[in-house]
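So the chains spell out like this:
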Amino acid sequence: MNQLRLGIPKGSLQEATLQLFARAGWRISVNPRSYFPSIDDPAIACTMVRAQEMARYVQIGALDAGITGRDWVLETGADVVEVAELVYAKQRLARVRWVLAVPEDSPVKTVHDLEGKVIATEVVNLTRQYFGRHGVNARIEFSWGATEVKVPQLADAIVEVSETGSSLRAHRLRVVDTVLESATTFIANRNAWDDAGKRECIRNIALLLEGAIAAYNKVGLMLNVRREDLERVLAVLPALKNPTISTLSEPDWVAVNTIVDEEIVRQIIPRLKAARAQGIVEYPLNKIVL
């Protein structure tokens, strides 16, 4: 099999993507002067591409697969295979929203109040489709960036991506409606997908990336407990599924292994100790493959 040509998103998703691949088992080293980072897997060759362009390069076969937002797949109308939805963004594990926003003091209440107005956005096609669905005629203008500062002097409203809403609030903007909800997506070229060897490689990457996302914000717990105290200990433990219980060499003791949310482990460990658990070990997780 030839090397899999994999697109890594350059820009806002770059650091989160590199961290995700590291948790999944691949080390990608980026040279700021090169668009071709190294990866510790001879079967893969990486190229840095902006998320906005990724779907187009995957469609034409310049790349076999890549990571981008589903919003950019829809915006470009690219004909690609959507292999897996990877719910992570720049700052957290979450989807993002493209929202219609206006200044806080704008009289606009609904999209229908923007008839004949100017809308600035990076996603011109998605925005035109949105206004078309609502039967509103507006002038949609492409924005080269810094879209939030274009209202009200240069545009009456904007359609902009929002992860937490903090940037909109900082620019004193108010959300009128959600145009589209999107998530990071692993996509593949159709010819590469039809190649059995490349399809297996793509599926394996997707499996391990999904496992790494599933393990975010979770930790493993191992502990020992007397059989007579087991019911009390199990009552303390929320679990991904039922905890694994193993018999120890001492017949009156068992080992318990489970997975919990990291944010609650500091509350659980004292309760486990109070329930007479012993030898409590917390350990980090890289992947959970369901």
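The present account deals with the structure reproduced in this document. (Residues numbered from 1 in each chain as written. Predicted model: local features only at pLDDT ≥ 70, side-chain atom pairs only at ≥ 80, totals over all residues. Heavy atoms only, no water.)

**Focus: the overall build of the protein chain**
Rules: Numbering of helices and strands runs from the N terminus, with a helix taken as a DSSP run of H or I at least four residues long and a strand as a DSSP run of E at least two residues long. C-alpha atoms define the radius of gyration, and 2.2 Å times the number of residues to the power 0.38 defines the globule rule. For this analysis, residues touch if any pair of their heavy atoms sits within 4.5 Å. Computed with the Shrake-Rupley method and a 1.4 Å probe, the accessible areas treat only the protein chains shown as cover for residues. His is not counted here, nor are the chain ends, while Lys and Arg score as positive and Asp and Glu score as negative. The atom standing in for a charge is NZ when the residue is Lys, CZ when it is Arg, CG when it is Asp and CD when it is Glu.
On a plain count of helices and strands, the protein chain comes out with nine helices and 16 strands. Taking 2.2 N^0.38 as the reference for a compact globule, 290 residues should give roughly 19 Å; the C-alpha atoms of the protein chain span a radius of gyration of 24 Å, well beyond that estimate. Within the protein chain, contacts between residues at least 6 apart in sequence are counted, and of these 69% link residues at least 24 apart. Carbon and sulfur atoms provide 47% of the accessible area of the protein chain, an area that totals close to 15300 Å². Between the centroid of the 35 positive side chains of the protein chain and the centroid of its 35 negative side chains there is a distance of 2 Å.

**Some details on the packing of aromatic side chains**
Selection rule: Pairing of aromatic side chains requires ring centres within 6.5 Å, counting the rings of Phe and Tyr and the six-membered ring of Trp. Pairs whose planes differ by under 30 degrees are stacked, by over 60 edge-to-face, and all others tilted. Note on exposure labels: buried denotes an accessible area under 20% of the residue type's maximum, exposed denotes more than 50%, and partly exposed covers the range between, all computed with a 1.4 Å probe on protein chains only. Put simply, a charge is over a ring when the Lys NZ or the Arg CZ is close to the ring centre, within 6 Å, and near the line of the ring normal, within 35 degrees.
All told, the structure shown has four aromatic pairs when counted by the stated rule. When the centroid spacing of 4.8 Å and the interplanar angle of 90 degrees are considered together, the rings of phenylalanine 142 and tryptophan 144 count as edge-to-face. Relative accessible area serves as the criterion here: at 42%, phenylalanine 142 is assigned to the partly exposed category. One cation-aromatic arrangement involves arginine 23 over tyrosine 216; the distance from NZ or CZ to the ring centre is 4.3 Å.

**Quick look at the sheet that holds strand β9 (residues 139–142)**
Going by this rule: Here, a strand pair is defined by DSSP locating no fewer than two bridges between the strands. In this analysis an axis means a line fitted to C-alpha atoms, helices contributing only their contacting stretch, and an angle means the value between N-to-C directions, from 0 to 180 degrees.
Pairing is mixed in the open sheet, where five strands are placed in the order β9-β8-β10-β7-β11. Only two strands of the sheet have a single partner each, and these edge strands are β9 and β11 (173–182). Strand-to-strand, the axes of this sheet are offset by a mean angle of 25 degrees, without reference to chain direction.

**With respect to helix α4 (residues 124–133)**
Heads up, the rule is: By definition, the arc is the one covered by directions from the helix axis to the C-beta atoms.
Among the residues of α4, Val124, Leu126, Thr127, Tyr130 and Phe131 are the ones counted as buried. Buried positions in α4, seen along its axis, are confined to an arc of 165 degrees and lie on one side of it. With respect to the buried face of α4, the exposed residues turned more than 90 degrees away are Gly132 and Arg133. At its buried positions, α4 is contacted by α3 (70–76), β7 (96–103), β8 (118–121), β9, β10 (157–162) and β11. Of the residues one or two after α4, glycine 135 is the one with positive phi, at around 70 degrees.

**Side note on the state of the cysteines**
Simply put, the disulfide is a covalent bond whose two ends are the sulfur atoms of two cysteines. Stated formally: We call a pair of cysteine sulfur atoms a disulfide whenever their separation is within 2.5 Å.
Throughout the structure, instances matching the rule amount to zero disulfides. Here cysteine 46 stays free of any disulfide, with the sulfur of cysteine 201 as its closest cysteine sulfur at 10 Å. Residue cysteine 46 is classed as buried on the basis of its relative accessible area, which comes to 4%.

**Digging into the nonpolar core**
Defined as follows: For this analysis, a nonpolar core means a set of buried residues of the types Ala, Val, Leu, Ile, Met, Phe, Trp, Tyr and Cys, connected via side-chain atoms within 4.5 Å.
If you look at the biggest cluster of nonpolar residues, it comprises 32 residues, and the most contacted ones within it are Phe21, Phe186 and Ile205. Looking at this core, the elements with two or more residues in it are β1 (4–10), α1 (14–24), β4 (44–50), β5 (65–69), β6 (81–86), β12 (184–188) and α7 (196–215). Looking at which element gives the most residues to this core, the answer is α7, with seven residues. Setting aside residues no more than four positions away along its own chain, phenylalanine 186 makes contact with Leu6, Ala65, Gly66, Ile67, Val81, Glu82, Val83, Ala84, Leu86, Ile202, Ile205 and Ala206. The next biggest cluster of nonpolar side chains, apart from the first, holds 21 residues, and it includes Val111, Ile119, Leu126 and Leu180.

**Focus on the pattern of salt bridges**
To keep it simple, the criterion reads: Salt bridges are identified by distance alone: a Lys or Arg side-chain nitrogen within 4 Å of an Asp or Glu carboxyl oxygen.
Inspection of the entire model under this criterion finds 12 salt bridges. Measuring nitrogen to oxygen at the nearest pair gives 2.8 Å for the salt bridge that ties arginine 5 to aspartate 64. Here aspartate 64 lies in the loop between α2 (51–60) and β5 and arginine 5 lies in strand β1, a separation of 59 residues in the sequence. Of the residues examined, aspartate 64 reaches a relative accessible area of 2% and is grouped as buried. Taking the shortest distance from any N to any O, the salt bridge between arginine 172 and glutamate 104 comes out at 3.3 Å. Residue arginine 172 is located in the loop between α5 (166–170) and β11, and its partner glutamate 104 is located in the loop between β7 and β8; the two are separated by 68 residues in the primary sequence.

**Describing the sheet that holds β5**
Pairing in this open sheet of five strands is mixed, and the strands run β4-β1-β5-β12-β6 from one edge to the other. The sheet is open, and its two edges are formed by β4 and β6, each paired on a single side. Going across the sheet, the axis of each strand differs from the next one's by a mean of 30 degrees, ignoring polarity. Across the sheet, α1 is in contact with β1, β4 and β5; its angle to β1 comes to roughly 135 degrees. Along the sheet, α2 makes contact with β1, β4, β5 and β12, crossing β4 at roughly 130 degrees.

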